[in-house]
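Now for the letters of each chain:
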Amino acid sequence: MSERRQLINLAYRLLGSLADAEDVVQETYTRWYAMSRQQQEAIASPGAWLTKVAGRICLDLLGSARVRRERYVGEWIPEPLPDRTEWIDGRGGGTADPADRITLDESINMAFLVVLESMTPAERVSFILHEVFRYSFVEVAEIVGRTPAACRQLASSARRRIRASRALAAPPAVRAGLVRDFKQAWEAKDIDALMGLLDPDATMIADGGGVVSAALHPIEGGEQIARYIVAIAAMAPGLTILERTVNGQPGLVAQRDGVTVTVAAFDVPGDRITRIWAVRNPEKLWPWTVEPQR
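Residues numbered from 1 in each chain as written. Predicted model: local features only at pLDDT ≥ 70, side-chain atom pairs only at ≥ 80, totals over all residues. Heavy atoms only, no water.

Engineer: Could you clarify how one ought to interpret the packing of helix H1 (residues 4-15) against helix H4 (residues 46-70) in this entry?
Structural biologist: Packed helix pairs are specified by the crossing angle of their axes together with the interaxial distance, meaning the distance between the axes. Where H1 contacts H4, the two axes come as close as 9 Å, and the packing angle between them is 25 degrees. On the basis of their axis angle, the class for H1 and H4 is roughly parallel. Crossing of H1 over H4 shows right-handed handedness. Contacts from Leu-7, Leu-10, Ala-11, Leu-14 and Leu-15 in H1 reach Leu-50, Thr-51, Ala-54, Cys-58, Leu-61, Leu-62 and Arg-69 in H4. Partitioning the contact of H1 with H4 into residue classes produces 10 nonpolar, 1 polar and 1 charged. (Axes fitted to C-alpha atoms, helices over the stretch in contact; angles between N-to-C directions. Helix = DSSP H or I, 4+ residues; strand = E, 2+ residues; numbered from the N terminus. Parallel < 35°, antiparallel > 145°, perpendicular 65-115°, else oblique. Left-handed = near helix turned anticlockwise from the far one by under 90°. Contact = heavy atoms within 4.5 Å. Nonpolar A, V, L, I, M, F, W, Y, C, P; charged D, E, K, R; others polar.)

Listed below in structure tokens is the structure:
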């Protein structure tokens, strides 16, 4: 059971859903306990066996997830992760340039997870296992079912996508300050102040999943975003907005009567907010109201 956090870490980054990650780990342990004691004792490294099984389950789920997300109502955003479920138990080591490595902290931010969504299942699994969790390509190949050379190419392709999407992030204090100013301007329904915080070409994506109201398409432009969220505030009296860490970055949580109704993540590469991801689908907000198992 000491491997559970490692498996949750892996499955969440592969699937973008803590709920699905929990299911994967449950299924992995079901398969372990379905074996006889002799079969279990014959496995030299139970941790490696569990990781291999969890990785293969995730690979299968990623294939079917593409089909499900094509039928999803509106935009699909990875499930936001609160501070209290950020489990970091990665493997050290590796011979690549440390500057090219993706850290466990960075690999849970929303911008990173959104880029992962554009990858094929095999690319995503190869990249996360090697770049984030430091597995060798020989080990990755056993999970993905391809040769080590093929897995190296998959990870390289994924790395190029990540590099192309990455911008220099503003210092943490600057990011936190901008998000705090955004909160205050939102509460004040100050469109001009909001426009001053948003990049003119900013994008906002909302995810209601067809369960609750949300914009079905991305909202483009700082002015359009500012007017949209002020209109939301006007239609939702009694909304409480809180500063919270969302996927390791400064974010905001909107609550009504103590119930979390929206979790917003922000991308702040410079002195303006360039992207906002607002998750409203209540099926994705359960980690913000239910105390996770430890």
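After that view, the rundown keeps rolling.
Engineer: Would you explain the pattern of salt bridges in this entry?
Structural biologist: Note that side chains of opposite charge can pair when their charged atoms are close. Going through the model one piece at a time under the given rule, you end up with 11 salt bridges. Among the salt bridges present, the one from Arg-4 reaches Glu-22, with a minimum N-O distance of 2.5 Å. Of the two residues, Arg-4 sits in helix H1 while Glu-22 sits in helix H2 (residues 18-33), which places them 18 residues apart along the sequence. Both residues of the pair, Arg-4 and Glu-22, belong to the buried class. Note that Glu-187 and Lys-183 form a salt bridge whose closest N and O atoms lie 3.0 Å from each other. Of this pair, Glu-187 and Lys-183 are both found in helix H9 (residues 172-188), 4 residues apart, which corresponds to roughly one turn of the helix. For Lys-183, a relative accessible area of 14% gives the class buried. (Salt bridge = Lys/Arg side-chain N within 4 Å of Asp/Glu carboxyl O. Buried < 20%, exposed > 50% of the residue type's maximum accessible area, 1.4 Å probe, protein only.)

Engineer: It is not clear to me how the sheet that holds strand S4 (residues 249-256) should be interpreted in this structure. Could you clarify?
Structural biologist: In sheet architecture, strand pairing relies on hydrogen bonds along the backbone and comes in two forms, parallel and antiparallel. Spatially, S2-S1-S6-S5-S4-S3 is the arrangement adopted by the 6 strands of the open sheet, whose pairing is mixed. Strand pairing shows two members of the sheet lacking a second neighbour, strand S2 (219-220) and strand S3 (239-246), which therefore form its edges. By the bridge criterion, 8 bridges tie S3 to S4 in an arrangement that is antiparallel. Bridge pairing in S4 links Arg-244 to Gly-251. Strand contacts of H9: strand S1 (198-207), S3, S4, strand S5 (259-267) and strand S6 (273-279), with the helix running at about 25 degrees to S4, the strand carrying the most contacts. (Pairing = 2+ DSSP bridges.)

Engineer: Sorry if this is basic, but what is going on with the side chain of His-130 here?
Structural biologist: Inspection of the secondary structure assignment puts His-130 in helix H6 (residues 121-132). A polar side-chain atom of His-130 sits 2.8 Å from the main-chain carbonyl oxygen of Tyr-135. (Polar contact = N/O pair within 3.5 Å; in protein donor to acceptor, adjacent residues only side chain to side chain.)

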